[in-house]
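Take a look at the letters that make up each chain.
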Amino acid sequence: MPSFTYYAPTKVVFGRDAENDTGKLVREFGGKNVLVIFGGESAKKSGLLDRISYCLSAEGIRFTQIGGVVPNPRLSKVYECIDVCREENIDFILSVGGGSVIDTAKATAYGVPYAGDVWDFYCGKAVPKKAMPMGCVLTIAAAGSEMSNSSVITNEDGWLKRGYKNDLSRQRFAVMNPELTYTLPPAQTANGIIDIMMHTMERYFSRERDLFVTDEIAEGLLRSVMRSAFTLKYEPANYDARASLMWASSLSHNGLTGCGLCEDWATHQIEHELSGMFDCAHAPGLSAVWGSWARYVMDADYSRFAQFARQVMEVGGENDDREAAELGIAAFEDFCRSIDMPTNIRELGYKLTDSQIDELAEKCTFFGTRTVGAFKKLNCDDIAAIYRAARG
Ligand code: NZQ
Ligand code: ZN
């Protein structure tokens, strides 16, 4: 088995009414003057924000609220949060929301102690030495930011969506009450399902071998997510299915399903350019391009795709590896359709022109300065070919 480091320091408090512990958790991790960041209306409407305010006050913790984080969170909001933290002498950041809110908090946490522009970290010009402490109350099972070391921010100047990874951004705690996700519209639940699966699949499609434990964890997680998806289609308030999905969201992106593997992440990179250009949601962008990516790279190792087909999608048992690989990809696309997720860019709602494809491929390779992916390394021409195949 290849060597690896596994680091997942976030304290997870999981279950019904877990959010009522938020004040105590903030106190445990030293917060006395907190910035509470949230998104649009959902946390206000559900009364969650009021409950959080109540339990912070009950612990004698001061707080300032800032809302309005949008999906594909913007750099301008990060600047606003940094200013508030400095003006109010904030010592702890609490996110109430999903990946967009938590990622805004992470960027803010890097930015406050830094004298330069926080975007420097996202464009590779600098590396943060410090970050403010953070915790979160998760309201959607999807991005996995609650336990990941990454964050993704969109700079409106050029509409560049860029991710940055650093362990300084790990949440001190993550509060996860599956009941908080009952209010999600079906489309957001489906988005979460795809993003969770992709976070494991980006790790699973690796050329490393002999990682039986990691493989079994990944395959079991993927099967369990599909089972929850099926249940939630008919019973959106099924606690066990919501709980299973929420825990899978964190485990999919806290490194567990990638221990020892050389991870790929091409699908994410290809998608980020789409949501940068069109401001579409992240997960439909992933499902729109994954099949085209998979068919483009599968010849690098049919056996891995065949394993996915047989162990996860439960097809291809009677076929050779190449046929099984194709069946597995088609079965995953069928699964996406079954939860109303697109399998090409036309279904995502966009008619890509040739010049848009060139622009997307250029941006994805940082203007020809990098390749993308590890299962098969992809250059600008490869990526343009994948966008063309995904055009629909
Ligand atoms: O803004 P509100 O009103 O809260 O509505 C949100 C938003 O419209 C809604 N929502 C969240 N919880 C809800 C709810 N609606 C009803 N009831 C609830 N309980 O859901 C919508 C989407 O929220 P968002 O935070 O954008 O979702 P998600 O967690 O999918 O995050 C997506 C962002 O995370 C990035 C994506 O690129 C995207 O920008 N990612 C972050 C990663 C990371 N930090 O590790 C990894 C991922 O690969 C991903 O790239
Ligand atoms: Zn993702």
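It should be noted that the structure appears before, not after, this text.
Since this is a predicted model, take the numbers as computed values, not measurements. (Residues numbered from 1 in each chain as written. Chains lettered and ligands numbered in written order. Predicted model: local features only at pLDDT ≥ 70, side-chain atom pairs only at ≥ 80, totals over all residues. Heavy atoms only, no water.)

**Section: the packing of aromatic side chains**
Put simply, the test is: Pairing of aromatic side chains here covers Phe, Tyr and the six-membered ring of Trp, requires ring centres within 6.5 Å, and sorts the geometry by plane angle: under 30 degrees stacked, over 60 edge-to-face, intermediate tilted. Helix and strand definitions follow DSSP, with helices as H or I runs of at least four residues and strands as E runs of at least two, each counted in order from the N terminus. Only protein chains enter the accessibility calculation, which uses a 1.4 Å probe; a residue whose area is less than 20% of its type maximum is buried, one above 50% is exposed, and one in between is partly exposed. We call a charge positioned above a ring when the Lys NZ or Arg CZ atom is no farther than 6 Å from the ring centre and deviates by at most 35 degrees from the ring normal.
Taken as a whole, this structure holds 27 aromatic pairs when the rule is applied. Measuring from centroid to centroid gives 6.2 Å for Trp290 and Trp293, while their planes differ by 45°, and the two rings are tilted. Taken as a pair, Trp290 and Trp293 lie in helix 11 (residues 282–297) at a separation of 3 residues, close to a single helical turn. Judged on exposure class, the residue Trp290 and its partner Trp293 are both buried. Note that Arg16 overlies the ring of Tyr239, its terminal NZ or CZ placed 3.8 Å from the centroid. Against the face of Tyr204 rests Arg304, its NZ or CZ located 4.0 Å from the ring centre.

**Comments concerning the packing of helix 4 (residues 75–88) against helix 5 (residues 99–111)**
Defined as follows: What counts as an axis is a line fitted to C-alpha atoms, over the stretch in contact for a helix, and the angles between N-to-C directions run from 0 to 180 degrees. Between 65 and 115 degrees an angle is taken as roughly perpendicular, under 35 as roughly parallel, over 145 as roughly antiparallel, and anywhere else as oblique. In a left-handed crossing the near helix is turned counterclockwise from the far helix by less than a right angle, and in a right-handed crossing that turn is clockwise. By definition, residues are in contact when any of their heavy atoms lie within 4.5 Å. Residues are grouped as follows: Ala, Val, Leu, Ile, Met, Phe, Trp, Tyr, Cys and Pro are nonpolar; Asp, Glu, Lys and Arg are charged; all remaining types, including Gly, are polar.
Helix 5 packs onto helix 4 with a crossing angle of 55° between their chain directions and a minimal axis gap of 9 Å. Considering their axes alone, helix 4 and helix 5 lie oblique with respect to each other. As helix 4 runs across helix 5, the sense of the crossing is right-handed. Residues Lys77, Val78, Cys81, Ile82, Cys85 and Arg86 of helix 4 touch helix 5, and the partners they reach there are Thr104, Ala107, Thr108 and Gly111. Looking at side-chain class alone, the contact of helix 4 with helix 5 contains 5 nonpolar, 3 polar and 2 charged residues.

**Things to note about a nonpolar patch on the surface**
This is how the line gets drawn: Exposure above 30% relative accessible area and the lack of any salt bridge qualify a residue for a patch; like charges then connect within 9 Å, and the nonpolar side chains Val, Leu, Ile, Met, Phe, Trp and Tyr within 5 Å. Under the convention used here, a 1.4 Å probe and the Shrake-Rupley method define accessible areas, while residue burial counts only the protein chains that appear. The salt bridge criterion pairs a side-chain nitrogen of Lys or Arg with a carboxyl oxygen of Asp or Glu, the two atoms within 4 Å.
Where nonpolar side chains cluster on the molecular surface, the patch consists of Met1, Phe4, Tyr6 and Val213 and spans about 430 Å² of accessible area. With respect to the helices and strands, the residue Val213 is situated in helix 8 (residues 212–234). When its relative accessible area of 52% is taken as the criterion, Val213 is described as exposed.

**Some details on the pairing of strand 6 (residues 150–155)**
To keep things clear, this is the line we draw: DSSP calls a pair of strands paired once it identifies at least 2 bridges connecting them.
For strand 6, the tally of buried residues reaches 6 of 6 residues, placing the bulk of the element in the interior. Side chains of strand 6 alternate between two faces, with Ser150, Val152 and Thr154 and Ser151, Ile153 and Asn155 buried alike. Taken together, the 6 bridges between strand 6 and strand 7 (residues 160–165) define a ladder with antiparallel strand orientation. Bridged to Ser150 within strand 7 is Lys165. Connecting strand 6 to the antiparallel partner strand 7 that follows it, the hairpin turn spans 4 residues, and Gly158 within it adopts a positive phi of roughly 100°.

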